[in-house]
Amino acid sequence: VSERTRSAVPDYTIGAVTRAAELLAAFERPPHTFRLSDLADRLGVTRNLTFRLLRTLELSGMIYRRDDYYLLGPRTSELGRLALRRLQPLVDAGQPVLEALKTETGETVYLCAMEGQEAVCIAAVESDFFVRGVLNVGGRLPLHAGGGNKVLLAWLSPEMQAAVIDDPRGLRIYTPQTPNDPAELRARLAIIRRDGYSVALEEVVLGADAIGVPVFGPDGTVVAGLGLVGPADRVRPRLHHPLPDQLRAAAERMRQRLLVAPAA
Amino acid sequence: MRETLADTPGTDKHAARASSYTVESVARAIDLLAAFERPPHQFGVSELARQLGLTKNLVFRVLRTLEAQGFVLRVDAPEGMQYAIGLRLYDLSRHAINRRQVLSAAARPYLDDLKRITSETTYLVAIADGGLEAICLERVESELGLRNRVEVGMRLPLFAGGGAKALLAFQPEAIQEAVITNERVRVLAVGTRTAPDDLRQDLARIRRDGYWIALEEYADGADALGAAVFDASGAAIAGVGITGPVPRLRQRLVSPELRGPLVGPLLDAARALSRQLGYAGVYPARWPMPAVDTLVPSGAAA
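About the cut-offs
Residues numbered from 1 in each chain as written. Chains lettered and ligands numbered in written order. Predicted model: local features only at pLDDT ≥ 70, side-chain atom pairs only at ≥ 80, totals over all residues. Heavy atoms only, no water. Contact = heavy atoms within 4.5 Å. Buried area = accessible area lost by both parts, 1.4 Å probe. Salt bridge = Lys/Arg side-chain N within 4 Å of Asp/Glu carboxyl O. Polar contact = N/O pair within 3.5 Å; in protein donor to acceptor, adjacent residues only side chain to side chain. Helix = DSSP H or I, 4+ residues; strand = E, 2+ residues; numbered from the N terminus. Nonpolar A, V, L, I, M, F, W, Y, C, P; charged D, E, K, R; others polar. Buried < 20%, exposed > 50% of the residue type's maximum accessible area, 1.4 Å probe, protein only. Phe/Tyr/Trp six-rings, centres within 6.5 Å; stacked < 30°, edge-to-face > 60°. Lys NZ or Arg CZ within 6 Å of the ring centre and 35° of its normal. Pairing = 2+ DSSP bridges. Axes fitted to C-alpha atoms, helices over the stretch in contact; angles between N-to-C directions.

1. Topic: the interface of chain B and chain A
Part 1 of the reasoning: Taken together, the 53 residues of chain B in the interface contact 53 residues of chain A.
Part 2 of the reasoning: The junction of chain B with chain A conceals about 4,500 Å² of combined surface from both sides, 67% of it contributed by carbon and sulfur atoms.
Part 3 of the reasoning: For the pair chain B and chain A, the interface holds four salt bridges.
Part 4 of the reasoning: The residue Glu 78 of chain A makes a salt bridge to Arg 99 of chain B at a minimum N-O spacing of 2.6 Å.
Part 5 of the reasoning: Along the contact surface separating chain B from chain A lie ten residue pairs in polar contact (both at pLDDT 80 or more).
Part 6 of the reasoning: At the level of elements, helix 1 (13-18), helix 2 (24-35), helix 4 (56-68), strand 2 (72-77), strand 3 (80-85), helix 5 (87-93) and helix 6 (99-118) of chain B are the ones that each hand at least two residues to the side of chain B that touches chain A.
Part 7 of the reasoning: Tallied by class, the residues present in the side of chain B that touches chain A amount to 30 nonpolar, 14 polar and nine charged.

2. Section: the pattern of salt bridges
Between side chains of opposite charge, pairing is possible as soon as their charged atoms come close.
Part 1 of the reasoning: For the structure shown, the criterion picks out 49 salt bridges over all chains.
Part 2 of the reasoning: The partner of Arg 188 of chain A in a salt bridge is Glu 184 of chain A, and the shortest N-O contact between them spans 3.4 Å. In this pair, Arg 188 of chain A and Glu 184 of chain A are both assigned in helix 9 (residues 182-195), four residues apart and thus about one turn of the helix distant.
Part 3 of the reasoning: Taking the relative accessible area as the measure of exposure, Arg 188 of chain A reaches 27% and is therefore partly exposed.
Part 4 of the reasoning: Here Arg 271 of chain B makes a salt bridge to Asp 268 of chain B, at a shortest N to O gap of 3.5 Å. With Arg 271 of chain B and Asp 268 of chain B both in helix 11 (residues 256-276), this residue pair falls three residues apart, about one helical turn.

3. Some remarks on the packing of aromatic side chains
Part 1 of the reasoning: Per the stated rule, a full pass over the model turns up six aromatic pairs over all chains.
Part 2 of the reasoning: An angle of 55° between the planes, with centres 5.7 Å apart, marks the rings of Phe 27 of chain A and Phe 34 of chain A as tilted. For the pair Phe 27 of chain A and Phe 34 of chain A, a shared accessibility class is recorded, and that class is buried.
Part 3 of the reasoning: Each residue in the set Phe 170, Phe 230, Tyr 279 and Tyr 283 of chain B is aromatic and connected to the rest through ring pairs, giving one cluster.
Part 4 of the reasoning: Positioned above the aromatic ring of Phe 34 of chain A, the side-chain terminus of Arg 42 of chain A is 4.9 Å from the ring centre.
Part 5 of the reasoning: Across the ring face of Phe 129 of chain A, the terminal group of Arg 234 of chain A is positioned such that the distance to the ring centre comes to 3.8 Å.

4. Quick look at the sheet that holds strand 8 (residues 208-216) of chain A
Residue and element names in this part refer to chain A.
Part 1 of the reasoning: The strand order across the open sheet formed by six strands is 6-5-4-9-8-7, and the pairing between neighbours is antiparallel. Strands with a single pairing partner mark the edges of an open sheet, and in this sheet they are strand 6 (140-141) and strand 7 (198-201).
Part 2 of the reasoning: Here strand 8 pairs with strand 9 (residues 222-231) via nine bridges, running antiparallel. Considered in strand 9, the bridge of Val 215 is made with Ala 224.
Part 3 of the reasoning: Contacting strand 4 (108-115), strand 8 and strand 9, helix 11 (residues 243-260) runs over the sheet at an angle of about 35° to strand 8.

See the structure below:
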């Protein structure tokens, strides 16, 4: 056994599968449709391999070919939707609660949940105001900043919390108000757990304030974060009263709905 | 049981030997992703290996590779550690074409041809979400001063009209019954048939003839004809139709001699579109759909 192999982390990955994944990822860039030669150049692999990868992916519907151009196919569309399916019972329980909360508060409200190591927005009901908070359902949210999302971090296990807070890449800064000092963030999380809600003053988007509360599941664990986001001039005066009570009441209604819903 | 993958870590040179046109390890990885399409949509390594007939070692390595790309993720389950589809695929899916778009794109040239041949409005319908209505996916409008208007996205009944009724005729019986006994079945025009027994008779006739002539079923003054489109699995996934005003179409549709120049191109288009979508069986497909092992061998023509 050579020095090199002994010190290396064992690599169980399969090269061609990684290339195929990279090929699919290449379609994220506009214009999302490319010719074989464009793709080969971007991946830095031969046209022959690119052709065989495309052909394999095309046969399964992951890629769709229109004349000389390739684009992501219907199978990719369907598998993508599956990614959020595990969280569907939460969406079903939360949707009517979000509708009512949006009517009560006038602002955009949303639900987020952990999927693996990441927080994802699983449902949102937008404010009717012209200037309003907007979320991308299915999109990833930061855990260290924001309303409903920071609540998720506050109730994560200490190990998972540490993995986020002490990430060697550092905490991403979105605005001058984004918490990015680990010690300060830990202190804030303690306050969130004590108060039962999280406020975020322009932490993710300048001009936008947010608040979040935990949604507890039937087993008493936090299953989602319920958040509200809107322009600071409308939201900030209400952040500590009455929004926390309004959100907590909504989270409790959602817990009740989860109690009667069939298990995920 | 497949013991090994014709591949070693970090290379694909062995896979290249397995087939000169596809990549074996990538095909296995896609099979693995496809396994998650089945409920409960999350599985452990052993279960996946069993489902796919692959070794646990290979499944583990494919999962590790896909996990590194965010295509799958690990979740804690009461049964132990399991895998599920990851959010990275959700990101990608936002740029993907869906089945309806594929169908519309494939149908467009056929609808163009059919409109040129007949001078009338041609259209493609599929079953809308909810299953009780049709939705127009594509249409090519007639250029004549008097024409029938069908818009993309428009909801249409399944129990009346040309393309929609032809599509209904090849749906599973439970769907047909749900549609024809539904309260939405009502008189829309002078020719609408609403009695469940009449509709059952019409659907049987469509399966026999392969097309349907709808005389003022959907709207007064409008006649139509339609035929079903089948996909690779033999399922009817769309209906293609021609619609025009009674003064131009009625006489041609009711006369067996004059009908040919309309019905022929319609069936040609429906058959050719089905072929392009991968349908290899007889046209129209047998109904009810035969079990998989009794399917007509591919290449058997109508």
